[in-house]
Amino acid sequence: LFFQVEREVRRDTPGFTQGLEYHGGALFEGTGNVYGDTGINRIDMASGKVTPLYNAGKRYFGEGLTFFGGRAYQLSWREGKVFVFDARMTPGLQPLREMKNPRDGWGLTHDANGLIASDGSSRLFFLSPRDFSTRRTLRVVRAGRYVENLNELEYVDGAVWANIFESWNIVKIDPVSGCVTAEANL
């Protein structure tokens, strides 16, 4: 696969991006607490201005972020939490509720039916947005071997895309078979 950089957005304040999603004409970022606090920001695509919407401090390490069914969902890494927010995303945002995640939280996306999460292993978890219960689990395979370190996820045109942690590789995954159908080295 070939990817081309079309433009660059330089943010006005640093953040440790863990989840990134374009939603409703805006770019939203979930952060972990490496360069500051865990939170959710809106990043202006023209100016790079970062508007903090939610600040959880250092209570947990924020990870994947996605929007589904009028809600925004953010995972914590090791604290076993899923935070559910109103998708309108206004400053001063607070979680509407919290759910339990029985595994590490890494990446998060969704298809038409529910949420899809990764835990840093070779597995994808298809989950209920109502209670985060597991509907099914899928092992990701490339050339007969499991693909470990699946990290941030995106669902695009019927496929799950995942970056491989600590590499420049992104894989395209068939959500039915778990087979890697394409790979890009960025």
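The structure under discussion appears in the preceding block.
In this text the structure is predicted, and so the values were computed from the model without any measurement.

**Here we look at the overall build of the protein chain**
Part 1: In terms of regular secondary structure, the protein chain is built from zero helices and 18 strands.
Part 2: For a compact globule of 186 residues, the expected C-alpha radius of gyration is about 16 Å, and the protein chain comes in at 16 Å, within 12% of that figure.
Part 3: Contacts in the protein chain between residues far apart in sequence, at least 24 positions, make up 42% of those at least 6 positions apart.
Part 4: Carbon and sulfur atoms provide 50% of the accessible area of the protein chain, an area that totals close to 9800 Å².
Part 5: Taken together, the 22 basic and 22 acidic charged side chains of the protein chain have centroids lying 5 Å from each other.

**Structural notes on the pattern of salt bridges**
Part 1: Applying the stated criterion across every chain, the model contains seven salt bridges.
Part 2: A salt bridge links Arg10 to Glu8; its shortest N-O distance comes to 2.9 Å.
Part 3: Put simply, Asp131 and Arg130 hold a salt bridge, and the shortest N to O gap is 3.4 Å.
Part 4: Classification of Asp131 as partly exposed rests on a relative accessible area of 33%.

**Structural notes on unusual backbone geometry**
Part 1: For Phe132, which is not glycine, the phi torsion reads 65° and is therefore positive.
Part 2: Its location among the elements puts Phe132 in the loop between β11 (123-127) and β12 (134-139).
Part 3: At Asn149, a position not held by glycine, the phi torsion is positive, near 65°.
Part 4: Turning to its location among the elements, Asn149 is positioned in the loop between β14 (145-146) and β15 (150-156).
Part 5: Among the residues examined, Asn149 registers a relative accessible area of 32% and is labelled partly exposed.

**Considerations on the nonpolar core**
Part 1: Counting 15 residues, the largest nonpolar core has Phe28, Ile40, Tyr54, Phe85, Met89 and Leu93 as the members making the most contacts within it.
Part 2: When residues of this core are traced back to their parent elements, those giving at least two are β2 (26-32), β4 (50-57), β5 (62-68) and β7 (81-86).
Part 3: Tallying contributions element by element places β4 first for this core, with three residues.
Part 4: Grouped together as the second largest cluster of nonpolar side chains are 14 residues, Leu124, Leu150, Ile164 and Val171 included.

**Overview of the packing of aromatic side chains**
Part 1: A full pass over the atoms with the stated rule returns six aromatic pairs.
Part 2: Between Phe16 and Phe61 the ring centres are 6.2 Å apart and the planes differ by 75°, which places this aromatic pair in the edge-to-face class. Placement of the pair is Phe16 in strand β1 (residues 16-23) and Phe61 in the loop between β4 and β5, with a sequence separation of 45 residues.
Part 3: On the basis of relative accessible area, Phe16 is assigned to the partly exposed category, the value being 26%.
Part 4: Its relative accessible area of 13% is what places Phe61 among the buried residues.
Part 5: Aromatic ring contacts, followed pair by pair, group Phe16, Phe61 and Trp77 into a single cluster.
Part 6: In this arrangement the basic side chain of Arg136 is found over the ring face of Phe126, its NZ or CZ atom lying 3.8 Å from the centre.

**Things to note about the sheet that holds strand β17 (residues 169-173)**
By way of backbone hydrogen bonds, the strands of a sheet pair with one another, either parallel or antiparallel.
Part 1: Strand order in the open sheet formed by four strands is β15-β16-β17-β18, and the pairing between neighbours is antiparallel. What marks the edges here is a single partner per strand, and that holds for β15 and β18 (180-185). Neighbouring strand axes in the sheet, compared pairwise and without regard to direction, differ in orientation by 25° on average.
Part 2: As paired strands, β15 and strand β16 (residues 159-164) are joined by five bridges and run antiparallel to one another. Considered in β16, the bridge of Leu153 is made with Ala162.

**With respect to the sheet that holds β12**
Part 1: Sheet architecture is open: four strands sit in the order β9-β10-β11-β12, paired in antiparallel fashion. Of all the strands in the sheet, just β9 (108-110) and β12 have a single pairing partner and so form its edges. Going across the sheet, the axis of each strand differs from the next one's by a mean of 25°, ignoring polarity.
Part 2: As judged from the three bridges shared by β9 and strand β10 (residues 115-118), these two strands associate in the antiparallel manner. When the bridges of β10 are listed, His110 appears paired with Leu115.

What counts and how
Residues numbered from 1 in each chain as written. Predicted model: local features only at pLDDT ≥ 70, side-chain atom pairs only at ≥ 80, totals over all residues. Heavy atoms only, no water. Helix = DSSP H or I, 4+ residues; strand = E, 2+ residues; numbered from the N terminus. Rg over C-alpha atoms; globule rule 2.2 N^0.38 Å. Contact = heavy atoms within 4.5 Å. Areas by Shrake-Rupley, 256 points an atom, 1.4 Å probe, with all protein chains shown as cover. Lys, Arg positive; Asp, Glu negative; His and termini not counted. Charge placed at Lys NZ, Arg CZ, Asp CG, Glu CD. Salt bridge = Lys/Arg side-chain N within 4 Å of Asp/Glu carboxyl O. Buried < 20%, exposed > 50% of the residue type's maximum accessible area, 1.4 Å probe, protein only. Core = buried A, V, L, I, M, F, W, Y, C linked by side-chain atoms within 4.5 Å. Phe/Tyr/Trp six-rings, centres within 6.5 Å; stacked < 30°, edge-to-face > 60°. Lys NZ or Arg CZ within 6 Å of the ring centre and 35° of its normal. Pairing = 2+ DSSP bridges. Axes fitted to C-alpha atoms, helices over the stretch in contact; angles between N-to-C directions.

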